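Chain and residue survey
Now for the letters of each chain:
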Amino acid sequence: MFPGVTEESCAMAWSVLEPAIAKAREAGLINGLRGTIMVLDPANPDSAAPLFVGHVGEPNPEYLRNVEGKVAVTMRTGLDSSRVRQDFPHLYREGDIKYPGAIIREGLIVAFSGVQGDFDEMICEWMVAALRAIARDRFSRPGGADEADGAYL
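Now for a description of the structure that goes with this document. (Residues numbered from 1 in each chain as written. Predicted model: local features only at pLDDT ≥ 70, side-chain atom pairs only at ≥ 80, totals over all residues. Heavy atoms only, no water.)

Structural notes on the nonpolar core
Judged by nonpolar contacts, the single largest core of 24 residues is most densely connected at W14, I37, V39, V110, F112 and M127. Elements that contribute at least two residues to this core include exactly α1 (7-26), β1 (35-40), β2 (50-56), β4 (108-113) and α4 (117-140). Residue contributions to this core peak at seven residues, all from α4. Of all hydrophobic cores here, the second largest spans seven residues; its members include M38, A102, I109 and A111. (Core = buried A, V, L, I, M, F, W, Y, C linked by side-chain atoms within 4.5 Å. Buried < 20%, exposed > 50% of the residue type's maximum accessible area, 1.4 Å probe, protein only. Helix = DSSP H or I, 4+ residues; strand = E, 2+ residues; numbered from the N terminus.)

Here you go:
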C-alpha cells in the first residue's frame, strides 16, 4: 500500500540530506552545522502538529521555536516565508518571525532554522525534492500502488 509522506520517509530523506548540509558548511556556504527542520503532514493541512522534526547538531530550543514561527507565517499566508518578507510584508502580524526559511510546495510545508535564511530555504527545497522522489519511487516500484488491485489506494 502506498503511504504518502510518512515520518519514516521524512527520516529517510533527512538522512540523505544531512551529508549535503555538512558539505555546504565545509564549502563555506552556510555559517554553521546546526539547525532544526520540520515537515507538516500534507494529508492533514489544518494541523500545525509536525509529522517530522529533525536536527543538525544538538537540538536547540531556539531553532525549534523559530521553525514553528516560520511554519505559522507560511500556514497563515499560504506563501513561502521569503516571499512574505520580500513581496508581501504587509501580511506580517505582530509577533511573527521576520526570518525566511519555510516553503510550501503542492501542499507540503517544510521549514528549517539554523543558518542564513536563504540557505534555510535551500535545505527545505532539498527536503521537498527528496520526499517527492521517495514517494514517486514507492508509488511505481514493484509491489507499489501501481500494481495494487483496483483503482483506489
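Examining the pattern of salt bridges
If you walk through the whole model with that rule in mind, you get nine salt bridges. Here E125 makes a salt bridge to R105, at a shortest N to O gap of 2.5 Å. Here E125, found in helix α4, pairs with R105, found in strand β3 (residues 102-105); they are 20 residues apart in sequence, far enough to count as distant. One network of salt bridges, with partners in common, ties together D80, R105 and E125. (Salt bridge = Lys/Arg side-chain N within 4 Å of Asp/Glu carboxyl O.)

Let's talk about the pairing of β1
The side chains of a regular strand alternate, first on one face of the sheet and then on the other. The buried count for β1 comes to six of six residues, which makes it a mostly enclosed element. Going residue by residue along β1, you find G35, I37 and V39 tucked away on one face and T36, M38 and L40 tucked away on the opposite face as well. Bridge count between β1 and β2: six bridges; the pairing is antiparallel. Within β2, the residue paired with G35 across the bridge is V56. (Pairing = 2+ DSSP bridges.)

What about the packing of α1 against α4?
At a minimum axis separation of 9 Å, α1 and α4 run at an interaxial angle of 135°. Considered as vectors, α1 and α4 are oriented oblique to each other. Along this stretch, α1 crosses α4, giving a crossing that reads as right-handed. Where α1 abuts α4, its residues E8, S9, C10, M12, A13, W14, L17, A20 and I21 lie against I123, W126, M127, A130, L131, I134 and R138. Here the contact of α1 with α4 is built from residues that sort into 13 nonpolar, one polar and two charged. (Axes fitted to C-alpha atoms, helices over the stretch in contact; angles between N-to-C directions. Parallel < 35°, antiparallel > 145°, perpendicular 65-115°, else oblique. Left-handed = near helix turned anticlockwise from the far one by under 90°. Contact = heavy atoms within 4.5 Å. Nonpolar A, V, L, I, M, F, W, Y, C, P; charged D, E, K, R; others polar.)

Structural notes on the sheet that holds β1
Read across the open sheet, the four strands follow the order β2-β1-β4-β3; overall the sheet is antiparallel. Two strands close off the open sheet at either side, each with one partner strand: β2 and β3. Looking at each pair of strands side by side, their axes are set apart by 15° on average, direction ignored. In this structure, β3 lies alongside β4, joined through four bridges in antiparallel fashion. Its bridge partner lying in β4, I104 is registered against I109.

Some words on the environment of D120
Locating D120 in the fold gives a position in helix α4. Of the residues examined, D120 reaches a relative accessible area of 2% and is grouped as buried. Distance from D120 to Y99, taken between C-alpha atoms, is 9.6 Å for residues 21 residues apart in sequence. One polar contact links the side chain of D120 to the main-chain amide nitrogen of G114, over a distance of 3.4 Å. Engagement of the side chain of D120 in a polar contact is seen with the backbone nitrogen of V115, the distance being 3.0 Å. (Polar contact = N/O pair within 3.5 Å; in protein donor to acceptor, adjacent residues only side chain to side chain.)

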